[in-house]
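Analysis of the macromolecular model
Okay, here's what each chain looks like letter by letter:
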Amino acid sequence: PGSAAAEQHAAPAAGNLDTLQDLAATLEDKAKRTRLLAQIKALIAAQKEDATVTPPKSLGARFIASLSGLFKEAAGQLLSAVDALNEAPAAARWIRDQMADAATRNLWLRLIFKLALIIAAGLVAERLARFAVARLRGAVEERDTESLLVRFFLLVVRTIVDVIPVAVFAGAAYAMIPVVQPSPEVQVVAITIINAYLLVRGVMVVVRMALAPGVSSLRVLPLADLSANYLSIWLRRLTVVAVFGYFLTEAALLLGLPAGGRMALLHLVGLVVAAMLIVFIQQNRRPVADWIQGAGGSPLARLGGHRLRQRFADVWHVLAIVYVAGVYGAWALGIEGGFENIVRATVISALVLIVARLAVVGLHRAVERGFALRDEIKERFPTLEARANRYLPVLHRTLRVVVYVLAALALLQTWGINAVGWLETPFGQRLMQSAFSIAVVVIAALLVWEAASAAIERYLSTVDAGGNAVERSARSRTLLPLLRNFLAVILGVMVTLIVLSELGVNIGPL
């Protein structure tokens, strides 16, 4: 290390010395000095020319310049995608060349035969294993229980039973590989197809656990038999096309398919998956729209905003199709980080919506449990529950709005929209301070009103030791309700003025 460091320090020193010597020789020679001076002046003139080209300063010019840059980048990505599609004939030529040569064709036939033996061994073993566990599976599916915990336990047991044939297939197929003694290429292709089959079967095991098609007694999700079977069929279609399409293109690449042909086939598989998703969206356009509008006991019916939900129900399929097209375009065009960012934002958005829904349900149950009264108190004071829970619907609605507003802000942040940045501005800080002040004033007014109203009511309904009502004077029974109404008017006027003042309205004339 010492000698290496010495060499590193010596090299720049030697280089600097040579440069200084050349510079000194140039300055001593009149012709070289004149030529150097002309070069320096030319560089100065070029720098002045560049400085005269000023960047656009107006907002419209900057927008046009940035838009031009975006179009140029999109055009480059589109040309890259076209170049990849131009490689599609290479895949066709490769297949034609493979089939034209007799020796290569015989090699492919032997490859397919050995591959078929390996897959057939796995399928036969899987079928035998499925027959062996059929009785246990039927016993589990015939159990009918109302307990959610027992139903979930039975569902887990049935899932384990479903996994056994898949594991047997994997063991038999992998054990058949050394028996057939395939070439290294055939072995890699066989392992690729086995892994693709196992992945498809694993996904379908999870789908059957979640949807339980045909076995409503084990279904945890609130779905009808028709919906569960419909979703199961479509998930199987999408999984088979996507998984087998991807793994087969990778296997073809290992067998000699050109890289351009492999990308063309991969883009074709993605296009087929995107088309299937669009068909799925169109088939469910009306049922999802009805669900958004709150039909059929949908939980969205309790959210309010019927007009807004109706507008969203009319266009949700368009937004979904645009989303599918955007995801496929970002992936097919190879936009740097585009596909990954969309997938990440989608997953985070789903988690945000799930957490928001769980938070709404949890807060609703917590408020109901916290404001619940014991039975003996209800019997002793029959009107107490209605009075104590007078503001309970307002509290439920307020908490629900707060949770959904926070969820909306989180969704906007997830998709790259700075929805909370304005809070750091003077206007945002002023707005938050005003909102906090208004909330404090309203809560304080409600507390004062409830305390005064309770005191007046308790005075008018006082009972003696024997449980008999104490008779109050006619003046008290007349003036105290008037005092309560007068207090309500005073509090209403004060709260209104303070709220208007916080909103920036000049309340001096009022």
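Values in this document were obtained by computation on a predicted structure and should not be read as measured data.

With that settled, the discussion passes to the overall build of the protein chain. For the protein chain, the count of helices and strands is 18 helices and 0 strands. Counting the 510 residues in the protein chain, one finds 25% classified as buried. Taking all contacts inside the protein chain whose residues are at least 6 apart in sequence as the whole, residues at least 24 apart take part in 66%. Accessible area for the protein chain stands at about 33,800 Å²; split by element, carbon and sulfur atoms hold 69% of it.

There is a patch of nonpolar side chains on the surface, built from Phe312, Val315, Val318, Leu319 and Val322 and spanning about 430 Å² of accessible area. For Phe312, a relative accessible area of 42% gives the class partly exposed.

Attention shifts here to the packing of aromatic side chains. Scanning all chains against the criterion turns up 5 aromatic pairs. Ring geometry for Tyr230 against Phe280: centres 5.9 Å apart, planes inclined by 20°, an arrangement best described as stacked. Of this pair, Tyr230 sits in helix H9 (residues 225–254) while Phe280 sits in helix H10 (residues 259–283), and the two are 50 residues apart along the sequence. Overall, Phe280 belongs to the partly exposed group, its relative accessible area being 23%. Three or more aromatic residues joined by ring pairs form one cluster here, namely Tyr230, Trp234 and Phe280. Lying over the aromatic face of Trp234, Arg237 brings its terminal NZ or CZ to 5.0 Å of the ring centre.

Between its first and last C-alpha, H9 extends 43 Å over 30 residues, near the 44 Å set by a 1.5 Å rise per residue. Every buried residue of H9 is accounted for by Ala228, Ser232, Trp234, Leu238, Thr239, Val243, Gly245, Thr249, Glu250, Ala251 and Ala252.

Closest axis-to-axis distance for the helix H11 (residues 285–293)/helix H12 (residues 306–332) pair is 8 Å, and the angle between their directions is 165°. By the criterion of interaxial angle, the relationship of H11 to H12 is roughly antiparallel. Of the two possible hands of crossing, H11 and H12 adopt the one that is right-handed. Only His306, Arg309, Gln310, Phe312, Ala313, Asp314, Trp316 and His317 of H12 make contact with H11, whose side of the interface consists of Arg285, Val288, Ala289, Ile292 and Gln293.

Let us now look at helix H17 (residues 426–460). Since the α-helix turns once every 3.6 residues, residues separated by three or four places project in the same direction. With 35 residues, H17 extends 51 Å between its outermost C-alpha atoms, agreeing within 8% with the 51 Å of an ideal straight helix rising 1.5 Å per residue. Gly428, Ser434, Ile438, Ala445, Trp449, Glu450, Ser453 and Ile456 are the residues of H17 that are buried.

Definitions and cut-offs
- Residues numbered from 1 in each chain as written.
- Predicted model: local features only at pLDDT ≥ 70, side-chain atom pairs only at ≥ 80, totals over all residues.
- Heavy atoms only, no water.
- Helix = DSSP H or I, 4+ residues; strand = E, 2+ residues; numbered from the N terminus.
- Buried < 20%, exposed > 50% of the residue type's maximum accessible area, 1.4 Å probe, protein only.
- Contact = heavy atoms within 4.5 Å.
- Areas by Shrake-Rupley, 256 points an atom, 1.4 Å probe, with all protein chains shown as cover.
- Patch = residues over 30% accessible without salt bridge, like charges linked within 9 Å, V, L, I, M, F, W, Y side chains within 5 Å.
- Salt bridge = Lys/Arg side-chain N within 4 Å of Asp/Glu carboxyl O.
- Phe/Tyr/Trp six-rings, centres within 6.5 Å; stacked < 30°, edge-to-face > 60°.
- Lys NZ or Arg CZ within 6 Å of the ring centre and 35° of its normal.
- Expected span 1.5 Å × (residues − 1).
- Axes fitted to C-alpha atoms, helices over the stretch in contact; angles between N-to-C directions.
- Parallel < 35°, antiparallel > 145°, perpendicular 65-115°, else oblique.
- Left-handed = near helix turned anticlockwise from the far one by under 90°.

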